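# Residue-level structural notes
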Amino acid sequence: MMQAVRTLQDGLSVAIGLCDTLTGRPLATILPRGLAPIVQTATGQGPSTSETSTYRHRLPPPWHIAPPSPPTTDLKAPNPPPEQLRAVMRLLSQSVVVCTAAGSDNVPRAMTMSSFTSLTLKPKPVITFNIATPSRTLDAIEATRVFNIHILSGDSSGAAVADQFTRGNVSSDVFAGLEEVLLEPRATSTAPPLLRGKGVVHVLQCRLLDDEPVRGLLRVRDHVIAVAEVVEMIPGVESKEFGLAYADRKYRQVGGVICND
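The structure displayed is predicted, hence computed values, not measured ones. (Residues numbered from 1 in each chain as written. Predicted model: local features only at pLDDT ≥ 70, side-chain atom pairs only at ≥ 80, totals over all residues. Heavy atoms only, no water.)

## Some words on the pairing of strand E9 (residues 200-208)
Short version of the rule: Two strands qualify as a pair provided that DSSP identifies no fewer than 2 bridges between them. Here a helix means four or more residues in a row that DSSP labels H or I, a strand means two or more in a row labelled E, and each is numbered from the N terminus.
Two elements, strand E6 (residues 146-152) and E9, share seven bridges in a ladder whose sense is antiparallel. Among the inter-strand pairings, Phe 147 is bridged to a residue of E9, identified as Cys 206. Alignment of E9 against strand E11 (residues 223-235), held across seven bridges, turns out to be antiparallel. Paired with Leu 208 across the strands is Ala 228, a residue of E11.

## Looking at the confidence of the model for the protein
Let me state the cut-off plainly: For every residue, the predictor reports its confidence as pLDDT, a number between 0 and 100. A contact between two residues is defined here by any heavy atoms of the two lying within 4.5 Å.
Overall, the predicted model of the protein reaches an average pLDDT of 80, with 76% of residues at or above 70. Note on residues 1-34: pLDDT is under 50 here. Beyond four places in sequence and across chains, it has 29 contacts. Predicted confidence is poor over residues 36-57, with pLDDT under 50, and the contacts of this stretch with residues over four places away or in other chains come to 23 contacts.

## Re the nonpolar core
Rules: Only buried residues count toward a nonpolar core, which is a set of Ala, Val, Leu, Ile, Met, Phe, Trp, Tyr and Cys residues joined through side-chain atoms within 4.5 Å. The cut-offs for exposure are 20% and 50% of the maximum accessible area for each residue type, with area from a 1.4 Å probe on protein chains only; residues under the lower value are buried, those over the upper are exposed, and the others partly exposed.
With 22 residues, the main nonpolar core has Met 113, Ile 127, Phe 129, Ile 141, Phe 147, Ile 149 and Cys 206 as its most contacted residues. Among the elements of the structure, strand E2 (97-102), strand E3 (108-113), strand E5 (126-132), helix H5 (136-144), E6, E9 and E11 are those that each provide at least two residues to this core. Broken down by element, this core gets its largest block of residues, four residues, from E11. When neighbours within four sequence positions are excluded, Phe 129 is seen to be in contact with Met 113, Ser 115, Phe 116, Ile 141, Phe 147, Ile 149, Val 224, Ile 225 and Ala 226. Ala 110, Val 174, Val 181 and Leu 195 belong to the second-largest nonpolar core, a separate cluster that totals 18 residues.

Structure (structure tokens):
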């Protein structure tokens, strides 16, 4: 057993040496965040306390525009119906927005969603989206009945903002770490957070419908459908791109036009 462990350590040490030589970067700075400590422990080359702090706070590679890629979905694979539908839905691009709210506990909440769409424009504009439960952001929306929808630019700046809020509201400050986006001071403790800056092209201030019997929140199994009026629209940074999209587990930029002229 010990011989096998030593053999594994020797192999990992060689890999680390090759990585340092070929890339000029330690392997721990290239591996996913969760794997680096495991490799360091296995090889007995764990970093010092100061090095650990450096790796922990190292920024991820910047977002950038990559060449177009075809769908990876295999629609012919034998899957149960839920997985078949998931595969089909990956072929469809969805809008990507960030929703912010602050509940009765006065704690700002935020989440990235891909189910946002307009429902009707007259007599007043109405939007809708759905959220899986449980959700702290949904709890905040339900408590105050107001929230902001941030429309994101279809480029690397918009993707950076979207990715910030895909990890849930588990940290004490979900807004920490934003580089080129500012969180404006809130007028009241229950006012929804307002993000301004690069990647945010428009902000929709919304209020849940008061229509009975559901008053803007319809529960369907493990999801809640929200329906709200757009109260005000706040312009953000100018962008020549369409809004950020999502398909096949990747952020997407709307590109070519299909026409018959």
